[in-house]
Each structure stands twice: as structure tokens, then as C-alpha cells.
Amino acid sequence: MKVYSDIIALQEYISLMKSEGKTIGFVPTMGALHYGHISLVSSAMSQCDITIVSIFVNPTQFNNADDLLKYPRTLEADVELLSTINCDAVFAPSVEEMYPKNRDSIQLDLGNLANLMEGQFRPGHFDGVVDVVSRLFEIVKPTKAFFGLKDFQQVSVITFMTKKLNLPIEIIACPTLREDSGLAMSSRNMRLSELGKKDALHIYRSLSLAKELASNFSPTEVKEKVITYFKEGSLELEYLEIVNPTTLESLNSEWINGATACIVAYCGDVRLIDNLKLID
Ligand code: PAF
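Fair warning: this is a prediction, and the values are worked out from it, not measured in the lab.

Q: Whenever I open this one, the overall build of the chain confuses me. Can you help?
A: A tally of helices and strands in the chain yields 10 helices and nine strands. Taken over C-alpha atoms, the radius of gyration comes to 19 Å for the chain, in line with the 19 Å a tight globule of 280 residues would show. Judged by the C-alpha coordinates and their principal axes, the chain covers about 55 × 40 × 40 Å. Looking at the 280 residues of the chain, the share that counts as buried comes to 51%. Entry remark: accessible area of the chain is about 13300 Å², with carbon and sulfur atoms responsible for 50%. In the chain, the 26 positive side-chain charges and the 36 negative ones have mean positions that sit 1 Å from each other.

Shown next, in the form of C-alpha cells:
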């Protein structure tokens, strides 16, 4: 497996692969890889000739300095893991390589997508995501790019960005992987204690309760009941919303297909995010 930190060298490799008619699958990550990431890599490997994974903890998408500082970094183990599954190449640039001085950062009006849910609690977060993903897309120019649905709003933002910028890249949204306990796999789980992991199960229990209640109550009623239930646990709720999967606007009285419950909560100082489709 090839490991690049340099954009020019990576692009030479990609040009060579493209000149041989190969399709490129791309999995952008911030490292601290878990089986959720590996499932994205497996999807890319099964759908494309060449799979490239980027590992870059993007400072511009963190609006909390402490969160950035504490984000797990396990580059050596990540590279080792990717090589054992025969990934083709890893791109692990430095901050200076990704963000040279005097570069122009992209300005894209994300409308409501940037203001709701994550946008409300992490102002500027999606500007940072759009900035880094558009730059990575420009460098790699993949045929398909793979993202996990655990970050439900991020998938909507990236799909919107790709359409808006007219990029010839297919965005593939992949299902959330869960531990047997139901806990959504996340790099941030590494920061949870054993007790924290147990407490964090309250997130999936609450989402499952929402799904159960959806057949008998309106979205507003489900939201109220699930918030009441959630508060019986020890996590601190940041938000719980039941949303239209396309616009991400909250649903009130009517259910629609694809209605999704999205939740963010703190387990100690670890911010956890999850979601579940309530109506198929
Ligand atoms: O989902 C993530 O890990 C990040 O937001 C991404 C897409 C790699 C951009 O930094």
C-alpha cells in the first residue's frame, strides 16, 4: 500500500491509475479508524478499481479548540489496518500541505443545511467540512466518494456541495455500523470509559424508542416523549430532532417516508452523534 503526504506525488499516482482506465474510490477520514470506516473502505473496494483513504484531522471544522486537541490520532495503527485489508493508497497530509498560506477557501451558501442541528450548535463546522472535502475532491478527483450515514447532516451537505459545484463525483452514503450493544461506531468512542460506553447506549435506546412510538404518535409527540425518556439517563442532551431527510427541517404533525431522528449528547466531555430512520 502506498502512503502519501505530498499532493503532487499522490496526483502522479492517481494520473497513472486513471491513464490505465481505473476508477477511483475515495474515503475521506480523520483517522482513528474503526470498523465503520473499514466498511466504507470495503464498499469502495467492491465498487471501484482503486481505493484511496485520506487521513487528516481537519482543524477548520472544529469550533472547540479542546475538542480538536483531544481528537484521537492513531496514524501508525490506521496505516497498518488499511494495509492489512489491501487498500491501495493512503493520503495523510500535514496541515501546511492541505492549507498553504494565501490559499482561497471556498465560499458556498449552504442555506438552511448549515443552520439546522449541527449548524446551530457548531457554527462554522460545515464551512470547514465543505472547505476540506472540496479541496480533497479537487486533489483526488475520485469517481465515487464514500461517507457514513452516522453523520447524517454531513452527507446532506456534501451531496448538496457536489451538486452545487457540478463535480462529476458520485456520493455513496453507507449505513451506520453498530457494536453488538447498539452503540454507533465512532472514533470518539475511544475516549469513553467502560462505564461511559454503557451510559452511551441510552442514545440508541432512545432512538429505538422513537422508532417504536412512531406508529402511534405524531413527530412532535414522539420527540417530547423521547426527550423525557432520554433525560432519565446520565448523558447531557444537546439536541434531538425528528427531521425530513432531504431538507433536514423538523417534522411536526405529519410523518413522511425517511423521517429520521437525529441526536447529539455528551457523555462526560465526549460529544456523540447518532440517528435512526423512523419511517421506511
Ligand atoms: O466525517 C469525517 O470524518 C470528516 O468530517 C471528513 C468528512 C473526513 C472531513 O474532514
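Back to the write-up after that little detour.
Q: Just to check I follow, could you spell out the site of the ligand for this structure?
A: All residues in the neighbourhood of the ligand are listed as P28, T29, M30, N58, Q61, V132, V133, F147, D151 and Q154. Contacts to the ligand include Q61, whose side-chain N or O atom sits 2.6 Å from an oxygen atom. Q154 is positioned such that a nitrogen or oxygen atom in its side chain is 2.6 Å from an oxygen atom of the ligand. Contact with the protein chains removes 89% of the 290 Å² of surface that the ligand exposes when unbound. For the ligand, the cavity whose grid points lie within 2 Å of the majority of its atoms is the largest cavity. At the level of elements, β2 (24–29) and α7 (125–140) are the ones that each hand at least two residues to the shell around the ligand. Of the residues assigned to the shell around the ligand, the class counts are five nonpolar, four polar and one charged.

Q: Is there a simple way to explain the packing of helix α9 (residues 194–213) against helix α10 (residues 219–230) in this structure?
A: Packed helix pairs are characterised by how far apart their axes lie and by the angle those axes make with each other. α10 packs onto α9 with a crossing angle of 150° between their chain directions and a minimal axis gap of 10 Å. Classed by the angle they form, the pair α9 and α10 counts as roughly antiparallel. Where α9 crosses over α10, the handedness of that crossing is right-handed. Residues H202, I203, R205, S206, L209, A210 and L213 of α9 pack against V222, K225, V226, Y229 and F230 of α10. Broken down by class, the residue content of the contact of α9 with α10 amounts to eight nonpolar, two polar and two charged.

Q: Is there a simple way to explain empty space enclosed by the protein in this structure?
A: In this approach, a probe sized like a water molecule rolls over the atoms, and the result shows the empty space that is left. Applying the stated criterion across every chain, the model contains two cavities of 30 Å³ or more. Considered as a void within the structure, the largest cavity measures approximately 850 Å³ in volume. What lines the largest cavity is a set of 48 residues, and nearest its centre among them are H37, Y71, K150, D151 and Q154. The element contributing the most residues to the lining of the largest cavity is α7, with six residues. Taken as a whole, the second largest cavity encloses approximately 50 Å³ of empty space. When residues of the lining of the second largest cavity are traced back to their parent elements, those giving at least two are α8 (152–164) and β9 (270–277). Broken down by element, the residue count for the lining of the second largest cavity peaks at three residues, all from β9.

Q: How should I be thinking about unusual backbone geometry in this particular structure?
A: Glycine aside, the phi torsion of most residues is negative, and most peptide linkages are trans. Residue A32 is not a glycine yet carries a positive backbone phi of 50°. You can see A32 is positioned in the loop between β2 and α2 (35–47). The exposure class assigned to A32 is buried, which follows from its relative accessible area of 0%. The phi torsion at N102 lies on the positive side, around 65°, for a residue other than glycine. With respect to the helices and strands, the residue N102 is situated in the loop between α5 (95–98) and α6 (118–121). We classify N102 as exposed; its relative accessible area is 78%.

Q: Explain the sheet that holds strand β1 (residues 2–4) to me, please; I cannot follow it from the model alone.
A: For sheets, the rule is that strands pair by backbone hydrogen bonds, running either parallel or antiparallel. Taking strand neighbours across the sheet as the criterion, the six strands line up as β1-β4-β3-β2-β5-β6 in an open arrangement whose pairing is parallel. The strands lining the two open edges of the sheet, one partner per strand, are β1 and β6 (170–174). Adjacent strand axes in the sheet meet at a mean angle of 25°, parallel and antiparallel pairs treated alike. Examined bridge by bridge, strand β5 (residues 144–148) and β6 share five bridges and lie parallel to one another. Along β6, the bridge assignment pairs F146 with I172. Relative to β5, α2 is tilted by about 155°, and along the sheet it contacts β2, β3 (50–55), β5 and β6.

Conventions used here
- Residues numbered from 1 in each chain as written.
- Predicted model: local features only at pLDDT ≥ 70, side-chain atom pairs only at ≥ 80, totals over all residues.
- Heavy atoms only, no water.
- Helix = DSSP H or I, 4+ residues; strand = E, 2+ residues; numbered from the N terminus.
- Rg over C-alpha atoms; globule rule 2.2 N^0.38 Å.
- Buried < 20%, exposed > 50% of the residue type's maximum accessible area, 1.4 Å probe, protein only.
- Areas by Shrake-Rupley, 256 points an atom, 1.4 Å probe, with all protein chains shown as cover.
- Lys, Arg positive; Asp, Glu negative; His and termini not counted.
- Charge placed at Lys NZ, Arg CZ, Asp CG, Glu CD.
- Near = heavy atom within 4 Å.
- Polar contact = N/O pair within 3.5 Å; in protein donor to acceptor, adjacent residues only side chain to side chain.
- 1 Å grid on protein atoms, 1.4 Å probe; cavity = no way out; pocket = protein on both sides within 12 Å on 5 of 7 lines; lining within 4 Å.
- Sits in = over half its atoms within 2 Å of the grid points.
- Nonpolar A, V, L, I, M, F, W, Y, C, P; charged D, E, K, R; others polar.
- Axes fitted to C-alpha atoms, helices over the stretch in contact; angles between N-to-C directions.
- Parallel < 35°, antiparallel > 145°, perpendicular 65-115°, else oblique.
- Left-handed = near helix turned anticlockwise from the far one by under 90°.
- Contact = heavy atoms within 4.5 Å.
- Points joined across faces, edges and corners; volume = space filled by probe spheres on them.
- Pairing = 2+ DSSP bridges.

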